[in-house]
Amino acid sequence: MIVLGVFFFLAPAAARTLTDQNGHTVDVPATIRRVIAIPIPLASMVMVVDGGTSRLIGMNSAAKSDITEGLLGRMFPQAAQIPTRIAGENFAPNAEALITARADLVIQWGDRGNAILDPIRALGIPMLTLKYGNSVLAADWLRLTGAALGKPERGEALARWFEQRVDEIARLGAAVPENERPRVIYLMRGLSTLQVAGKGTSMDGDIRDAGGINPAAHLPGAAVVGIEQILTWNPDIILLNNFESGLQPARLYADSRFQGIKAIDEKRVYLYPRGGFRWDPPSQETPLAVEWLHDIFHPRRALPGLRARIAQVYVDLYAYRITEAEIDEVLRMKENGQSAHYQTLFANGTARP
Amino acid sequence: MNEATTHMDHGAFAPRAAFVHKTTLGLLLLLLLVIFGALSIGRYAIAPLDVARILLGSGDADPMATRVIESVRLPRVLLALLVGAGLAAAGASLQSIFRNPLAEPQLLGVSSGAAFGGILALLIWGDGLPLIAGALVFGMMALLAVFWLAGGKMAHRTGSAVLLVLAGIVVSGVFAAGVSLVKLVADPQNQLPAIVFWLMGSLSSANQERLWLALPCIGLSLALLHGLRFQLLALSLSEEDARALGVKVGPGRLLALLAVGLITAASVAVCGIVGWVGLVVPHLVRMGLGTDHRNFLLNVMVGGAAYLIVVDTLARSAMEVEIPLGVLTSLLGAPLFAFLVRRIGHGVEGG
């Protein structure tokens, strides 16, 4: 009976053919009612492109914290009801759950091996696969999502805005003379194990685009290093991840192991902001993230008006009117307030359009 | 009682007793050299002369170098010393107790228990002190479970060693499954990476706090094992022979097992699962210094300390990226042990 049910749902003739990020051609049914988004940023991205949660019937459990802790839950209150038990550890989908969910489109990572793709292929459910790497790939996620959901104009417009804005800031970053570029590391983990972003991570690309130098750029991916290696790099700025609860600049300023590093002496440790999504990994908010990086890397060349831009972008992306207090939350004014230049750059009232 | 017997025994070999002391002294000297070497090597370049100056406390050293030595390298080297000595002595003791050259601390299921407790605490309360406490509590619980499964009076029964090993396998299996289960429900972005790193074993988060936690657990256990060295020696013969020598096997064995459990749990707590040390070091010592057991345990402790300090120095300075210590001890330990096994095999055939 279940098999028949699935067959019935797959029966409508494919109306469109899309090519996904890994070069697979995917036949997508004319109308899509039920979408499952397994990559973590894609849950909020489907909401952004579709303007709501009604078609999103499954997402990664890790996306839940953006709804319960982040702003996303306030932007889309119904998002709390979206089931999360569709895929387990390492994005591996549960075949029975997929059948029960009667999805007519699954969005999945395409560059993490076949083990997470085969169960979906075996059921014959149309699947769009994405690639991880440079942040700009996320513009294509918007474009693909729009095309698949039957809103190609919306997807295209968002993707264009994304690419143009990141490109503008990358130009500004490229124009900064070599000797004025700060040396910046991103701590993917910083509480006990120290892990920095190296080659192939989106953060490495973002640091470069914003006019910084990542001394770990030659290391493979997420590299575990010792504190001595960080002392040897002696970075000007340290960026903190949004994933470890309790990690914030004050913690590093007080940590005896980090003393003597330039970023600590000059108080240039910053916790990444978090809005509808975390700003460190790629998402629809990446253009804002790259601008924020550019401002803290080059306070004297900072672009005025990030707060106003956040407010405008949140209307465009989420149709959400953000309050000044919420912008403070997004920018982590509380955690970053003691760090150098932060109040001058981003405190409420300093923004001039 | 037994000490008297053994001492009388020693009396006949007075000149060799002096030799034994010399080898221990030699090993201690080697350990000091290794410690100094380890303090001089690292990603942050400090000249050995400056290291000496900093250690002697002369004030004109570079403050950054002083900090690197004092708050980065010293706690890490000392923790490696403690864990290395502990795991090696634990291995040697288990080999005596079970009269089996392949016995190892992981055998009793304590490592798995401690690993489970650690990640459970990590999941519920987060990194740091809760993790260490969780590992200790569950490690000791695993040990108690093994004792209970093997039967309270196991110490006096023949074949009890086999029973203990079987109980260890059962407890190990249960906790290993528990570890997989916790990994399954952990948040893949926030908690899972922390769990995976910790399970791989590393001394990179060594600090004074962890040192002070490991010191009493491992230090007391080592002292206990040292005090029991003659019982352990007697146990390595056979239960009958041990009784014939007037050694009461039961309490000594129980105490030694407790010490081994505490060492293993404390090691897992402060640096994750670091395997093979308890297997490789006692055999290296046996091969290098013979099977004379009078100072054997002491030699194993010193040798284990030196071994782990060397391996950990490699782990933190061979590449820009930190190599997980547990990976390195397995990578070095397995082939080294294979080589030893072949040497021993040839020795048996030849002799």
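Model, not experiment: these values are computed from the prediction. Residue numbers here run from 1 along each chain, matching the order of that chain's written sequence. Labels are handed out in written order, letters beginning with A for the chains and numbers beginning with 1 for the ligands. Only residues with pLDDT of at least 70 are given local features in this predicted model, and only at 80 or more are side-chain atom pairs given and counted; all residues enter the totals for whole chains, interfaces and linings. The side-chain numbers reported here are obtained from all heavy atoms of the structure, hydrogens and water having been left aside.

Caption draft 1: The arrangement of the interface of chain B and chain A in detail. The criterion used for residue contact is that any of the two residues' heavy atoms lie within 4.5 Å. With 26 residues of chain B at the interface, the matching set in chain A holds 30 residues. Buried area is calculated as the accessible area (1.4 Å probe) missing from two parts once they are joined, with the contributions of both summed. Across the interface of chain B and chain A, roughly 2500 Å² is buried in total on both sides, 54% from carbon and sulfur atoms. The salt bridge criterion pairs a side-chain nitrogen of Lys or Arg with a carboxyl oxygen of Asp or Glu, the two atoms within 4 Å. The interface formed by chain B and chain A contains 2 salt bridges. Between B:Arg316 and A:Glu228 there is a salt bridge whose closest N-O contact spans 3.6 Å.

Caption draft 2: Geometry of the domain arrangement of chain A. Residue and element names in this part refer to chain A. Under the domain assignment used here, chain A contains domain 1 (2–159) and domain 2 (179–346). Facing the 22 residues of domain 1 at the interface are 23 residues of domain 2. When the two sides are added together, the surface that domain 1 and domain 2 hide from each other amounts to roughly 1900 Å², 56% of it contributed by carbon and sulfur. By the criterion of area lost to domain 2, the three top residues of domain 1 are Leu71, Met75 and Ser135, representing 28% of everything that side buries. Joining domain 1 to domain 2, the criterion identifies 4 salt bridges. Note that the domain bounds reflect an automated or database-derived domain assignment.

Caption draft 3: Geometry of the side chain of A:Thr84. Helix and strand definitions here come from DSSP, where helices need a minimum of 4 consecutive H or I residues and strands a minimum of 2 consecutive E residues; each element is numbered from the N-terminal end. Within the secondary structure, A:Thr84 sits in the loop between helix H4 (72–75) and helix H5 (95–101). Other than its neighbours up to four places away in sequence, A:Thr84 contacts A:Met59, A:Asn60, A:Ser61 and A:Lys64.

Caption draft 4: A look at the pattern of salt bridges. According to the stated counting rule, one finds 29 salt bridges over all chains in the structure shown. For A:Asp140, the salt bridge is made with A:Arg143, and the minimal N-O distance between the two is 2.8 Å. In this pair, A:Asp140 and A:Arg143 are both assigned in helix H7 (residues 137–148), 3 residues apart and thus about one turn of the helix distant. Each residue's exposure class comes from its accessible area (1.4 Å probe, protein chains only) as a fraction of the maximum for that residue type: buried when under 20%, exposed when over 50%, partly exposed otherwise. On the basis of relative accessible area, A:Asp140 is assigned to the partly exposed category, the value being 29%. Of the residues examined, A:Arg143 reaches a relative accessible area of 21% and is grouped as partly exposed. Notably, a salt bridge pairs B:Asp312 with B:Arg76, separated by 2.9 Å at the nearest N-O pair.

Caption draft 5: Broad picture of the packing of helix H9 (residues 202–209) of chain A against helix H13 (residues 286–297) of chain A. Residues and elements named next belong to chain A. Relative orientation of the contacting elements H9 and H13 amounts to 55°, with a least axis distance of 9 Å. What the angle tells us is that H9 and H13 run oblique. Taken as a pair, H9 and H13 cross one another with a handedness that is right-handed. Listed contacts from H13 to Asp206, Ile207 and Asp209 of H9 are Val290, Leu293 and Phe297. Throughout, an axis means a line fitted to C-alpha atoms (over the contacting stretch in the case of helices), and angles, computed between N-to-C directions, take values from 0 to 180 degrees. Each angle gets one of four labels, with under 35 degrees taken as roughly parallel, over 145 as roughly antiparallel, 65 to 115 as roughly perpendicular, and the rest as oblique. Throughout, a crossing is termed right-handed when the near helix is turned clockwise from the far one, and left-handed when it is turned anticlockwise from it by less than a right angle.

Caption draft 6: Quick look at the sheet that holds strand S7 (residues 184–189) of chain A. Residues and elements named next belong to chain A. Read from one edge of the open sheet, 5 strands run S9-S8-S7-S10-S11, paired in mixed fashion. Pairing within the sheet leaves two strands with one partner each, and these edge strands are strand S9 (222–224) and strand S11 (269–271). Taken over all neighbouring pairs, the strand axes of this sheet differ in orientation by 35° on average, direction set aside. Where strand S10 (residues 237–240) and S11 come together, 3 bridges link them in parallel fashion. Looking across to S11, one finds that Leu240 is bridged to Leu271. Pairing between two strands requires that DSSP report at least two bridges joining them.

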